[in-house]
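A look at the structure
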Amino acid sequence: MCRVVDLQQAVLAKNDASAQSLRAELAARGTTVVNLLSSPGSGKTALLERELVLARERGVPVAALTADLATENDALRLARSGVPVKQVLTDGLCHLEAGMLGGHLDGWLPEGTRLLFVENVGNLVCPASYDLGESLRVVLASVTEGEDKPLKYPTAFGLAHLVVVTKTDIAAAVDFDEAAFRANVQQVNPGVEVVLTSARGGVGLGALLDRALAAGEGAAVHTPVMAAPPAHTHTDHTHTHAAVAQTRP
Amino acid sequence: MHEMSIAMAVVGQVEEAARTAGATAVSSVRLQVGELAGVVPDALSFCFELACTGTVLEGAELVAEPVPARARCEPCADEWAVGMPPQLSCPVCGEPTAELLSGRELQIVSVRWEDGRPHERTREPISEER
Ligand SMILES: [Zn+2]
């Protein structure tokens, strides 16, 4: 018998459930995950390196996991900060998933780690769809990437808890229009905070660390419009098939 | 290209449902794809075909239903089509008061399969995941 059966299953439900349990498990261990998303060349690794050094200087137990398609350069660079760093090679997979992250943390994540920075695979498309169990999702863009970056990658920017601008030391040289960038961020993610940073100039490092620590202490984190569950489900598709499986001859 | 991961997740979920129901050949899968789901439907169809190979879904058709993104501002009683790039701040008051009504769906709606059972009207449980 050929029949049509209603399934009504969210495709990402499995990842979302893994992320939810990883978040709870890490919270019980006192660890907060910060998920860092950006395009390649955004200066994410340089900023993270400085962030790790600052955390160590302040006595905050911190660790970093960096995901890459192939090379190990990022891990070597981050390891110079002196904090525990793990490199994960995704073998061509363009994003991390919660289950994968959990597997990589098993037996590695040092006890007492307060902040775990996860440097996601460098792109702004695929990682946006996957909750990793983070408490703070940070989307970064450098001043060289253009003011319209948030409009080109609305899902990534639209789901950010915090937006970070990098390389602001060269903003004038590349004619970065900060007001236009902020307006574009607000269009896709109204109310989200934008933090200006420069790894080279040491600007904004404390602000990012403070936001991460606050998120770990349970301070309210921005809720993006795009992340909020719909106020009511639209009825045009979901319930028309009713609960009865339709049979076809 | 995460469409491959998405396609494999769809195939995995349908395979599991088919196994539970004792279904053999799956002929089509209906999927809602929101405008803001971050998925390219054409890439997804391509990957779906590959992901179905060698499974009970071999040769199955993917029917992707696009879901337009709509948002609403309660204080303004305003509702609008979000568009692309999306306009998620209220076009009337400009305040960060919008709610997204639709557009993030990535949901398997239904499947059509051969389950080898006689003609009968069965009641299928619907999970309340949304
Ligand atoms: Zn309004």
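Parameters at a glance
- Residues numbered from 1 in each chain as written.
- Chains lettered and ligands numbered in written order.
- Predicted model: local features only at pLDDT ≥ 70, side-chain atom pairs only at ≥ 80, totals over all residues.
- Heavy atoms only, no water.
- Helix = DSSP H or I, 4+ residues; strand = E, 2+ residues; numbered from the N terminus.
- Contact = heavy atoms within 4.5 Å.
- Areas by Shrake-Rupley, 256 points an atom, 1.4 Å probe, with all protein chains shown as cover.
- Pairing = 2+ DSSP bridges.
- Axes fitted to C-alpha atoms, helices over the stretch in contact; angles between N-to-C directions.
- Buried < 20%, exposed > 50% of the residue type's maximum accessible area, 1.4 Å probe, protein only.
- Arc of directions from axis to C-beta.
- Polar contact = N/O pair within 3.5 Å; in protein donor to acceptor, adjacent residues only side chain to side chain.
- pLDDT = per-residue confidence, 0-100.
- Donors = N, O, S within 2.8 Å, 3.2 Å for Na, K, Ca; no water.
- Tetrahedral: all angles 85-135°; square planar, octahedral: opposite > 155°, others 65-115°.
- Phe/Tyr/Trp six-rings, centres within 6.5 Å; stacked < 30°, edge-to-face > 60°.
- 1 Å grid on protein atoms, 1.4 Å probe; cavity = no way out; pocket = protein on both sides within 12 Å on 5 of 7 lines; lining within 4 Å.
- Points joined across faces, edges and corners; volume = space filled by probe spheres on them.
- Nonpolar A, V, L, I, M, F, W, Y, C, P; charged D, E, K, R; others polar.
- Core = buried A, V, L, I, M, F, W, Y, C linked by side-chain atoms within 4.5 Å.

1. Looking at the overall build of chain B
- Scanning chain B for helices and strands turns up 2 helices and 6 strands.
- What you see in chain B, going N to C, is helices and strands ordered as α-β-α-β-β-β-β-β.
- Within chain B, contacts between residues separated by at least 24 positions form 71% of all contacts whose residues are at least 6 apart in sequence.
- Accessible area of chain B: about 6,300 Å², with a carbon and sulfur share of 53%.

2. Considering the sheet that holds strand S3 (residues 70–73) of chain B
Residues and elements named next belong to chain B.
- Spatially, S4-S3-S5 is the arrangement adopted by the 3 strands of the open sheet, whose pairing is antiparallel. Unpaired on one side and paired on the other, strand S4 (78–81) and strand S5 (98–102) mark the two borders of the sheet. With direction set aside, neighbouring strand axes in the sheet form an average angle of 25°.

3. So, helix H7 (residues 178–188) of chain A
All names here are of chain A.
- When H7 is considered as a whole, its buried residues turn out to be Phe181, Asn184, Val185, Gln187 and Val188. Buried residues in H7, looked at end-on, bunch into an arc of 155°, giving them a common side.
- Of the surrounding secondary structure, the elements contacted by the buried residues of H7 are strand S6 (136–142), helix H5 (149–152), helix H6 (154–158), strand S7 (162–166) and strand S8 (193–196).
- Between the side-chain oxygen of the N-cap and the backbone nitrogen of Ala179 there are 3.3 Å, and the N-cap of H7 in question is Asp177.

4. Concerning the confidence of the model for chain B
Residue and element names in this part refer to chain B.
- Looking at chain B, pLDDT values average 89 and 89% of them are 70 or higher.
- Within chain B, strand S1 (residues 26–34) carries the highest mean pLDDT (97), whereas S5 carries the lowest (93).
- Both scores are available for the predicted complex, with the pTM at 0.89 and the ipTM at 0.85.

5. Here we look at the coordination of the zinc ion
All names here are of chain B.
- Protein ligation of the zinc ion involves Cys73 (SG), Cys76 (SG), Cys90 (SG) and Cys93 (SG), the donor distances falling in the range 2.3 Å.
- Around the zinc ion sit 4 donor atoms; with metal-centred angles ranging over 103 to 117°, the donor geometry is tetrahedral.
- Sequence positions of the residues that donate to the zinc ion give the spacing C-x2-C-x13-C-x2-C. Taken together, the positions of Cys73 in strand S3 and Cys93 in the loop between S4 and S5 put the pair 20 residues apart, joining distant regions of the chain.

6. Re the environment of A:Glu97
- Tracing the backbone through its elements, the reader meets A:Glu97 in the loop between strand S4 (85–89) and helix H4 (98–105).
- Between the alpha carbons of A:Glu97 and A:Val192 there is a distance of 24 Å; along the sequence they are 95 residues apart.
- For A:Glu97, the residues in contact, after removing those within four places along its chain, are A:Asn15, A:Tyr130, A:Leu132 and B:Ser5.

7. Brief notes about the packing of aromatic side chains
All names here are of chain A.
- This model, assessed by the stated rule, comprises 2 aromatic pairs over all chains.
- Ring plane angle 80° and centroid distance 6.4 Å describe the contact between Phe157 and Phe181, whose orientation is recorded as edge-to-face. Taken together, the positions of Phe157 in helix H6 and Phe181 in helix H7 put the pair 24 residues apart, joining distant regions of the chain. Per residue, the accessibility class of Phe157 equals that of Phe181, and both read buried.
- Pairing Phe176 with Phe181 gives two aromatic rings, centres 5.6 Å apart and planes at 55°, and the pair type is tilted. Comparing Phe176 with Phe181 shows no difference in burial state: the two are buried.
- Put simply, the rings of Phe157, Phe176 and Phe181 pair up and form one aromatic cluster.

8. Remarks on the layout of surface pockets
- Approximately 480 Å³ is the volume found for the second largest pocket.
- Forming the walls of the second largest pocket are 19 residues, and the residues nearest its centre are A:Val11, A:Lys14, A:Asn15, B:Ala9 and B:Gln13.
- Mapped by element, the contributors of at least two residues to the lining of the second largest pocket are helix H1 (13–28) of chain A together with helix H1 (3–21) of chain B.
- Take the lining of the second largest pocket: its biggest share by element is 8 residues, from H1(B).
- Considered class by class, the residues forming the lining of the second largest pocket number 8 nonpolar, 8 polar and 3 charged.

9. As for the nonpolar core
- One finds B:Val14, B:Val29, B:Phe48, B:Leu57 and B:Ile108 to be the most contacted residues of the largest nonpolar core, which totals 31 residues.
- Looking at this core, the elements that each hand over two or more residues are strand S1 (2–10) of chain A together with H1, S1, helix H2 (41–52) and strand S6 (106–114) of chain B.
- A total of 7 residues in this core trace back to one element, the largest contributor, which is H1(B).
- Discounting chain neighbours no more than four positions away, the residues touching B:Val14 are A:Leu7, B:Val26, B:Val29, B:Leu57, B:Ile108, B:Val111 and B:Trp113.

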